[in-house]
Amino acid sequence: MLQNIGIPGLILILVIALIIFGPSKLPELGRAVGSTLREFKKSTRDLVSDDEPVKTQHKKEEKAI
């Protein structure tokens, strides 16, 4: 879905966001989005790293059989 936006589409989105939120709220909004994405990535990394030892343990058991 986001693959077809292109440069003109991004500029249009930024202009609309600037009109709606104003120049004073835009940096706060950007920080909030960035911290949300950072927290999401951290959570997904933690979930994946928690699952990996279980997968490797199952592989070791299969090799032993």
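Further up the page is the structure itself.
For the structure given in this document, a descriptive report is provided here. (Residues numbered from 1 in each chain as written. Predicted model: local features only at pLDDT ≥ 70, side-chain atom pairs only at ≥ 80, totals over all residues. Heavy atoms only, no water.)

Take the overall build of the protein next. Helix and strand counts for the protein come out as one helix and zero strands. Per-residue burial for the protein yields a buried fraction of 5% across its 65 residues. Just so you have it, the protein exposes about 6300 Å², and 66% of that area is on carbon and sulfur atoms. (Helix = DSSP H or I, 4+ residues; strand = E, 2+ residues; numbered from the N terminus. Buried < 20%, exposed > 50% of the residue type's maximum accessible area, 1.4 Å probe, protein only. Areas by Shrake-Rupley, 256 points an atom, 1.4 Å probe, with all protein chains shown as cover.)

Considering the arrangement of structural elements, one finds serine 35 in helix α1 (residues 6-64). Here the side chain of serine 35 touches alanine 32 through a polar contact of 3.0 Å, landing on its backbone oxygen. (Polar contact = N/O pair within 3.5 Å; in protein donor to acceptor, adjacent residues only side chain to side chain.)

Distances and angles like these do not, on their own, reveal function.
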